[in-house]
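This is what each chain is made of:
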Amino acid sequence: MENPDILILDEPMNALDNNGVEEMRSILLKMKEQSKLIIIASHVRDDIDILCDEVYGIDVGIIKKIR
């Protein structure tokens, strides 16, 4: 798992302090620049807005593309 092509994360910023959040975002943005596929489950709108190219939501059990 040293250099994965696909990374799946569930609430990766949960319980991190402000420095940890910034460091994790920086790592994920660098991976994104390297064309890595990163799938993130998050309820934090800032994480979604900063990190995601495509956003999906689940409404009444149906997955819908938001952007």
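Up top is the structure these notes are about.
Counting from 1, residues in each chain are numbered in the order their sequence is written. Under the rules for a predicted model, residues below a pLDDT of 70 receive no local features and side-chain atom pairs below 80 are neither given nor counted, while totals for whole chains, interfaces and linings still include all residues. Side-chain numbers come from the whole structure's heavy atoms, not from hydrogens or water.

Elements are defined by DSSP. Helices are runs of H or I of four residues or more, strands are runs of E of two residues or more, and each kind is numbered from the N terminus. The number of helices and strands found in the chain is two helices and four strands. Beginning at the N terminus, the succession of helices and strands in the chain can be written as β-α-β-α-β-β. The principal-axis extent of the C-alpha atoms belonging to the chain is close to 35 × 25 × 20 Å. Within the chain, buried positions represent 27% of all 67 residues. By sequence separation, contacts in the chain at least 24 residues apart represent 39% of the contacts at least 6 residues apart. Here the chain has roughly 5,400 Å² of accessible surface; of this, 52% comes from carbon and sulfur atoms. Accessible area is worked out with a 1.4 Å probe on protein chains only. A residue is then buried under 20% of its type maximum, exposed over 50%, and partly exposed in between. Whether two residues are in contact is decided by their heavy atoms: any pair within 4.5 Å suffices. Shrake-Rupley sampling with a 1.4 Å probe provides the accessible areas, and residues are treated as covered by the protein chains on show and by no other component.

Once that is clear, we can look at the pattern of salt bridges. For this analysis, a salt bridge means a side-chain nitrogen from Lys or Arg found within 4 Å of a carboxyl oxygen belonging to Asp or Glu. Taken as a whole and assessed by the stated rule, the structure comprises seven salt bridges. Between glutamate 22 and arginine 25 there is a salt bridge, and its shortest N-O distance comes to 3.5 Å. Here the residue glutamate 22 and the residue arginine 25 both occupy positions in helix H1 (residues 18-33), the gap between them amounting to three residues, near one helical turn. What makes glutamate 22 partly exposed here is its relative accessible area of 48%. The salt bridge involving aspartate 49 is made with arginine 67; its shortest N-O contact spans 3.5 Å. Taken together, the positions of aspartate 49 in helix H2 (residues 45-51) and arginine 67 in the segment after strand S4 (62-65) put the pair 18 residues apart, joining distant regions of the chain. One salt-bridge network, in which partners are shared between bridges, spans Glu22, Arg25 and Asp47.

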